[in-house]
Amino acid sequence: MAGRLKKGAGGGAVLLAALVLALYVHPPEMLRVGANYSAKIVCSNVFLAGRDAQAVLAEDVQAPGHPLLKAMRVSVDREHGLVRAGLAGFIGDGLAVYRPGTGCAAVPDGDAALARRHQFAPAPLPALPAASWPRGAQAEPDPQIEAILADDALAGPGMRGIAVIRGGKLVAERYGAGFSADTPLLGWSMTKSVTAALVGMQVGAGTLQLAQDRFWPGDGRAAVRLGDLMAMSSGLAFNEGYGDVSDVTRMLYLEPDMAAYVHARPLVRAPGSSWNYSSGTTVLLSRIWQQAAGADALSLPRRQLFAPLGMRSAVIEADARGTLVGSSYMYATAQDWARFGQFLLQDGVWDGRRLLPPRYVAMMARVAPASKGQYGQGQVWRWGPGGAGPEDQDPDARFALPPDTYWMEGHDGQSVAIVPSRQLVVVRLGLTPHRLSYQPQGLLAAVLKASGPR
C-alpha cells in the first residue's frame, strides 16, 4: 500500500512537472496577455513615474481583481530598461522595454533590440516659472472648491489626482496617498483625445484631410474616411471587450505592430453607418498622422504640442514597431492633463498661438451621428461615465450638467470634464474599476454649483 502511494505521488509530480513545462513552452494566449500586461504596466510606472515595482504589481496589476494576475511576478533590470513578468515569475514570457522619449513597450515577440530603435533623445523643456497656473504651477485656491475635493464620496474610491481649472486658473487640487502633483499618471483612453489633436495639427499643416479616404486602396475598405475613424464609425470589425483575448487585448499585448493588426481587420458595416468604440481605429489614426508628419514624427508631440502647452511630464508611449499607442498610453501629471483640457476649451489656441485649425475642436465635440448622442466626431465623449445605469441613456441627465459639457474618458476612472460655457476643466485620475460604478459627474456638479451661476 505504501509503495502504491509513493508511486502515485511520484506520478503526480511528473504530471505536474509536465504541465509546468507545457505552460512554459506553449503558454495559452490569455496567460501571455496577462504576463505582457503586467510587464508593461510595471515598466511604465517604474521608468516614467518613479514608483516601486512591487507596489505597482500589487496595487495596479493585482488589486483590481483578475484572478490570473494574482500569481504574476515581475523582475526589473534597471540597467537595460527591461521588465520581465510571468506566472510564478517565468511562465508567459512577459517582456517590456523602456526607451527614452517613447516610454515602455510590451515586446510580445521578444525582440527588445528592435523595439529599442523607436526612441529619441527628448530635449529638456525649460523649467516652469514661479507663477500662477498655467504659466507656472501655483494655485489660486478657492476654499469652497477645496472642501468639495476633500469629500471622499465625490473624489471616488482609488482617487490619485484631481485638478480643477476655472477661468484658466488652478483653483483646487488633491492627491491620493503616495501620489503628488509631480506624479505622471496613465490616462488610458483619454489619450485618444490627444491623438485627435495630433491629427488636427496635420490637418492644419495640409498633410491630412478629414474627408480623405483610400487608406485601403483596391479594397472594399477604401471608402473609409479619416473622419469615420475619428468618429468611431469606420465599419471595421473590432472587439473592445476586456477580460479575455479579444481584439483590443490581442492588439495591446500580443501584437508587436498594433497598427498592422488593425489595418488587417475586415469591414463589417458600411463606413459611417454604425458606431463601434474601438481602440484599434485610434491606433490607426496614430499610424496615419505619423506617416503624414514624416521624419521625426515620434518627437513631434513633445516638440509641437506638449512643449508649447508647458506639459513637461507628458509622454505618449510607442509600440514595439514605433507607432505611438494613441489609444491608450499617455502618462502625464494631473496638472498637465488639465493643460490639455484647457487647450481644448480655448479652441486649440495657447498663449495667443493657434495650434489647431479654427472650428476643429468644435468638430471634435459635435455628436457623431451613428453614436446616438454619446460620442463626438473627434475622439471625445458627449456623455460622462455611465456607472450602473443603462448603456443607452445619457448618464449626465440626472446631474443637470450644462449641455455643452464634453469629456475625455479612460479605463479605471480617468476623466477630464470640459465645460466651455462655464470656463471649467475638472481632471479626475485614479484606479477605480468599473464595477465600483463611480461617476465623476457628481464631483463636476458640485464644483459647478460652488462656482455660481453664469
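Residues numbered from 1 in each chain as written. Predicted model: local features only at pLDDT ≥ 70, side-chain atom pairs only at ≥ 80, totals over all residues. Heavy atoms only, no water.

Q: For the overall build of the chain, give the residues involved together with the corresponding values.
A: A count of helical and extended segments in the chain gives 15 helices and 14 strands. Its C-alpha radius of gyration of 23 Å places the chain within 12% of the 22 Å reference for a compact globule of 454 residues. Seen along its three principal axes, the alpha-carbon backbone of the chain occupies a region of about 85 × 55 × 45 Å. Buried positions account for 57% of the 454 residues belonging to the chain. The contacts of the chain with a sequence gap of at least 6 include a subset with a gap of at least 24, amounting to 64%. Working note: accessible area of the chain is about 18400 Å², and carbon and sulfur atoms make up 55% of it. (Helix = DSSP H or I, 4+ residues; strand = E, 2+ residues; numbered from the N terminus. Rg over C-alpha atoms; globule rule 2.2 N^0.38 Å. Buried < 20%, exposed > 50% of the residue type's maximum accessible area, 1.4 Å probe, protein only. Contact = heavy atoms within 4.5 Å. Areas by Shrake-Rupley, 256 points an atom, 1.4 Å probe, with all protein chains shown as cover.)

Q: How would you summarise the layout of surface pockets if you had to cite specific residues and measurements?
A: Each pocket or cavity is described by its volume, and for the second largest pocket that value is around 290 Å³. Lining the second largest pocket are 14 residues, with Pro134, Arg135, Pro308, Gly310 and Trp350 positioned closest to its centre. With 3 residues, the single largest contributor to the lining of the second largest pocket is helix 12 (residues 300-309). Split into classes, the residues belonging to the lining of the second largest pocket amount to 10 nonpolar, 1 polar and 3 charged. (1 Å grid on protein atoms, 1.4 Å probe; cavity = no way out; pocket = protein on both sides within 12 Å on 5 of 7 lines; lining within 4 Å. Points joined across faces, edges and corners; volume = space filled by probe spheres on them. Nonpolar A, V, L, I, M, F, W, Y, C, P; charged D, E, K, R; others polar.)

Q: Provide a residue-level description of the packing of aromatic side chains, including the pertinent values.
A: Per the stated rule, a full pass over the model turns up 10 aromatic pairs. Summarising the aromatic geometry, the rings of tryptophan 275 and tyrosine 375 are spaced 5.5 Å apart at their centres and angled 50° between planes, so their arrangement reads as tilted. Of the two residues, tryptophan 275 sits in the loop between helix 10 (258-263) and helix 11 (279-293) while tyrosine 375 sits in the loop between helix 14 (360-365) and strand 12 (406-410), which places them 100 residues apart along the sequence. Seen in terms of ring centroids, tyrosine 277 and tryptophan 381 are 5.3 Å apart; in terms of plane orientation they differ by 35°. Their pairing is tilted. Here tyrosine 277 is found in the loop between helix 10 and helix 11, whereas its partner tryptophan 381 is found in the loop between helix 14 and strand 12, with 104 residues between them in sequence. Taking the relative accessible area as the measure of exposure, tyrosine 277 reaches 16% and is therefore buried. Taken together, the ring pairs connect Trp275, Tyr277, Tyr375 and Trp381 into an aromatic cluster. The ring of tyrosine 329 carries the charged tip of lysine 40 above its face, separated from the ring centre by 3.8 Å. (Phe/Tyr/Trp six-rings, centres within 6.5 Å; stacked < 30°, edge-to-face > 60°. Lys NZ or Arg CZ within 6 Å of the ring centre and 35° of its normal.)

Q: Which residues make up empty space enclosed by the protein, and what are the values?
A: Enumeration over the complete set of coordinates arrives at 3 cavities of 30 Å³ or more. Counted as a void, the largest cavity has a volume near 190 Å³. Forming the walls of the largest cavity are 16 residues, and the residues nearest its centre are Asp60, Arg160, Leu186, Trp188 and Leu431. Among the elements of the structure, helix 2 (29-47), strand 7 (185-186) and strand 14 (424-430) are those that each provide at least two residues to the lining of the largest cavity. Looking at the lining of the largest cavity, the element that brings in the most residues is helix 2, giving 3 residues. Along the lines of polarity and charge, the residues of the lining of the largest cavity split into 9 nonpolar, 3 polar and 4 charged.

Q: Which residues make up the state of the cysteines, and what are the values?
A: Each disulfide is one covalent bond, formed between the sulfur atoms of two cysteines. Enumeration over the complete set of coordinates arrives at 1 disulfide. Put simply, cysteine 43 and cysteine 104 are joined by a disulfide, and their sulfur atoms are 2.1 Å apart. Because the torsion about its S-S bond is -75°, the bridge between cysteine 43 and cysteine 104 counts as left-handed. You can see cysteine 43 sitting in helix 2 and its partner cysteine 104 sitting in strand 4 (residues 103-106), a full 61 residues away along the chain. A relative accessible area of 1% means that cysteine 104 is categorised as buried. (Disulfide = S-S within 2.5 Å.)

Q: Could you give an account of the sheet that holds strand 5 (residues 159-166), with specific residues and numbers?
A: Overall, antiparallel pairing links the 5 strands, which are arranged 6-5-14-13-12 in an open sheet. Of all strands in the sheet, those with a lone pairing partner are strand 6 (169-175) and strand 12, marking the two edges. Neighbour-to-neighbour, the strand axes of this sheet turn through a mean angle of 5°, independent of strand direction. Bridge analysis of strand 13 (residues 414-419) against strand 14 gives 5 bridges, and the strand direction is antiparallel. Residue pairing in the sheet places isoleucine 418 in a bridge with valine 425 of strand 14. (Pairing = 2+ DSSP bridges. Axes fitted to C-alpha atoms, helices over the stretch in contact; angles between N-to-C directions.)

Q: Lay out the side chain of serine 278 in plain terms, naming residues and giving numbers.
A: Position of serine 278 among the secondary structure elements: in the loop between helix 10 and helix 11. On the basis of relative accessibility, which here comes to 1%, the residue serine 278 falls in the buried class. Polar contacts involving the side chain of serine 278 include one to the main-chain amide nitrogen of glycine 280, which spans 3.2 Å. Setting aside residues no more than four positions away along its own chain, serine 278 makes contact with Lys192, Met232, Phe238 and Glu240. (Polar contact = N/O pair within 3.5 Å; in protein donor to acceptor, adjacent residues only side chain to side chain.)

Q: Give me the lowdown on the sheet that holds strand 8 (residues 315-316), citing residues and values where you can.
A: If you walk across this open sheet you meet the 3 strands as 7-9-8, and the pairing is antiparallel. Of all strands in the sheet, those with a lone pairing partner are strand 7 and strand 8, marking the two edges. Examined bridge by bridge, strand 8 and strand 9 (residues 330-332) share 2 bridges and lie antiparallel to one another. Each bridged residue has a counterpart across the sheet, and for isoleucine 316 the counterpart in strand 9 is methionine 330.

Q: Residues and numbers for the pairing of strand 5, please.
A: By the criterion of burial, strand 5 is predominantly enclosed, with 7 of the 8 residues buried. Where strand 5 meets strand 6, 6 bridges bridge the pair, whose relative direction is antiparallel. Each bridged residue has a counterpart across the sheet, and for glycine 161 the counterpart in strand 6 is tyrosine 175. Hairpin connection between strand 5 and strand 6: a loop of 2 residues separates the two successive antiparallel strands, and glycine 167 in this loop has a positive phi of roughly 60°.

Q: Tell me what's going on with the packing of helix 2 against helix 9 (residues 247-254), and back it up with residues and numbers.
A: In contact at an axis separation of 9 Å, helix 2 and helix 9 are set at 55° when each is read in the N-to-C sense. Classified by the interaxial angle, the pair formed by helix 2 and helix 9 is oblique. As for how helix 2 packs across helix 9, the hand of that crossing is left-handed. Only Thr249, Arg250, Tyr253 and Leu254 of helix 9 make contact with helix 2, whose side of the interface consists of Glu29, Arg32, Val33, Asn36, Tyr37 and Lys40. Looking at the contact of helix 2 with helix 9 residue by residue, the classes come out as 4 nonpolar, 2 polar and 4 charged. (Parallel < 35°, antiparallel > 145°, perpendicular 65-115°, else oblique. Left-handed = near helix turned anticlockwise from the far one by under 90°.)

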